[in-house]
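Chain by chain, the residues run as shown.
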Amino acid sequence: NEGDTAIENLSVVLDILDENGGDAMDLFGIGAPELTGIADVSGSGALSPASNGSAVWLIIPTSEAAPDGMRRYYVGGTLSYTLNGVQVNVPLYPEPISVLPDPRLNVHYFLERDVYSDDPFTPEIEPSVPFSLAMMMVNNGLGTARSVRIASAQPEIVDNDKGLLIAFQIIGTQVGLDAVTPSLNVGLGDIGPGDSAVAQWLMTSSLMGRFIEYNATFQHIDPIGDPRLSLVDSVAIHPMVHVAREDMPLDDGLPDFLTDDISDENQLPESLFSSSLGAPVPVSCVMDAVVSPVKSKDGETVEFQIDATMPAGWCYLRIDNPALSGFALSRVTRSDDTEVLTGINAWTTYRIVRNEGQDPMVQHRFHLLDYTSDGHYTVTFTGVADNALPIADAGVNAAGTVGVEVTLDGSSSFDPESEPLLYSWAFLS
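Residues numbered from 1 in each chain as written. Predicted model: local features only at pLDDT ≥ 70, side-chain atom pairs only at ≥ 80, totals over all residues. Heavy atoms only, no water.

1. Things to note about unusual backbone geometry
Going by this rule: Strands are runs of DSSP state E lasting at least 2 residues, helices are runs of H or I lasting at least 4, and numbering of each runs from the N terminus. The rule is simple: take the accessible area with a 1.4 Å probe, protein chains only, and divide by the maximum for that residue type; under 20% is buried, over 50% is exposed, in between is partly exposed.
For the bond running from methionine 248 to proline 249, omega is -5°, close enough to zero to count as cis. Mapped onto the secondary structure, proline 249 falls in the loop between strand S19 (232–244) and strand S20 (256–259). Its identity as a non-glycine residue notwithstanding, asparagine 9 has a phi of 55°, on the positive side. Mapped onto the secondary structure, asparagine 9 falls in strand S1 (residues 7–17). For asparagine 9, a relative accessible area of 40% puts it in the partly exposed group.

Pasting the structure below:
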């Protein structure tokens, strides 16, 4: 105001129009104005003589503003005030803006169901075997999410009616194919349209157990408090049987996740969550096979022929381990000489089940995940004990938190502050 009279009743009304001149205000989140030198712009503001004032609005498009490609909009409005008792209305010339499609992020957590460590009900101290907590972030939108960071938390005991103390420790972190400093806060980089990013945390537990219940929720917090601006559509957690790899027909080298989302008495997986697709692919399950000993060499190596009827596509085979507990799985070869990834797509587990009122029962199993096989395998075991690392069931709860921060083009930021990512943990009753 360069005059010698105050400007009064100051008001600014914004308009956002689409390319056809239609009202598009509902497609944008508009924050409260940041005012300098003036107290209000809603009709009661005033600007003293020989003074300056400004109002700045943060305007953020929703995903509906550009659902399938770049859209043009025009931001304008009307400035109104009273000067010397005269009402003045000044149109604000529409300024064109281009809105690009948003990324649409879906976050999937995978938590390994069985955890092998010390059995508190035996005098021996069994060694701790690392288990995995993994995350896949999938961009199902048409925009790129830039400089994505993920913040998670390790399980924390929140209810322990058995009085058994347990501690979790993170021992390794991997983002994609790269090992990084062990931390639950990692950078995923840019995630383009249709792409996904994978992070995996290796953890240990001070006691053996099994995760038996899963839940995950999230809350989006943005600079103007508008839930329509969330870039994350969903957060889910999946019970995981094993970290595997979709090495056929194509292999991106990234971890994939064999999941058991549908509960059944045999606890069989039904999906392989693919990092290349960012979605699950179906898995068939087989629990019968013919096992024939092939040879033994000086008691140090034993070999078996395993024959099973394997459906086309991805198939999971689970049978009793044909080798004694003193032998570790070393190699699995198909009849076409293709080697199955040992420790990844072929593995063994040793578990002691303690059901109330029953004697402990050993559960020593061989597991195999394969793609379109004729079902004929040569399986080799070598010496050194596959240590007995039991798992039992009963009642402790654990919880952690999940958060995601996405920075777009180094400017606007997204920071959902999650509700607890809940686990239920089981011990022997």
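2. Observations regarding the pairing of S1
Test applied: One bridge is not enough; two strands pair if DSSP finds at least two bridges between them.
Of the strand pairs in this sheet, S1 and strand S7 (residues 71–83) are connected by nine bridges, and their pairing is antiparallel. By the bridge assignment, isoleucine 16 is partnered in S7 with valine 75. Sheet topology note: the S1/strand S4 (residues 42–47) ladder contains three bridges and is antiparallel. Looking across to S4, one finds that serine 11 is bridged to serine 42.

3. Let's talk about the environment of aspartate 178
For aspartate 178, the location among the structural elements is in strand S15 (residues 178–180). C-alpha of aspartate 178 to C-alpha of leucine 254: the two residues are 76 residues apart in sequence and 10.0 Å apart in space.

4. Focus: the packing of aromatic side chains
The cut-off we apply is this: Each Phe, Tyr or Trp ring, with Trp reduced to its six-membered ring, pairs with another whose centre is within 6.5 Å; inter-plane angles below 30 degrees give stacked pairs, above 60 give edge-to-face pairs, and intermediate values give tilted ones.
For the coordinates displayed, the defined rule picks out six aromatic pairs. Ring centres of phenylalanine 304 and phenylalanine 381 lie 6.0 Å apart, and the angle between their planes is 80°; on these two criteria the pair is classed as edge-to-face. On the criterion of sequence distance, the pair formed by phenylalanine 304 in strand S24 (residues 301–307) and phenylalanine 381 in strand S30 (residues 376–382) is long-range, its members being 77 residues apart. The exposure class assigned to phenylalanine 381 is buried, which follows from its relative accessible area of 0%. Three or more aromatic residues link up through ring pairs in this structure, and these residues are Phe110, Phe257 and Phe273.

5. Observations concerning the sheet that holds S1
Note the following rule: Axis lines are fitted to C-alpha atoms, over the contacting stretch for helices. Their N-to-C directions set the angle, which ranges from 0 to 180 degrees.
The strand order across the open sheet formed by four strands is S4-S1-S7-S8, and the pairing between neighbours is antiparallel. Looking at the sheet topology across the chains shown, the edges are occupied by S4 and strand S8 (86–99). Neighbour-to-neighbour, the strand axes of this sheet turn through a mean angle of 25°, independent of strand direction.

6. Observations concerning the side chain of glutamate 270
Convention followed: We define a polar contact as two N or O atoms separated by no more than 3.5 Å, with the added condition that, inside protein, one atom must be a possible hydrogen donor and the other a possible acceptor, whereas residues neighbouring each other in sequence contribute only through side-chain atom pairs. Only heavy atoms matter for contacts: two residues are in contact if any of them lie within 4.5 Å across the pair.
Residue placement: glutamate 270 occurs in the loop between S20 and strand S21 (271–274). Within polar-contact distance, the side chain of glutamate 270 engages the backbone nitrogen of aspartate 261 at 2.5 Å. Within the local environment of glutamate 270, its side chain forms a polar contact with the backbone nitrogen of isoleucine 262, the two atoms lying 3.4 Å apart. Not counting the four nearest positions on each side in its chain, glutamate 270 is found in contact with Thr259, Asp260, Asp261, Ile262, Val281, Pro282 and Val283.

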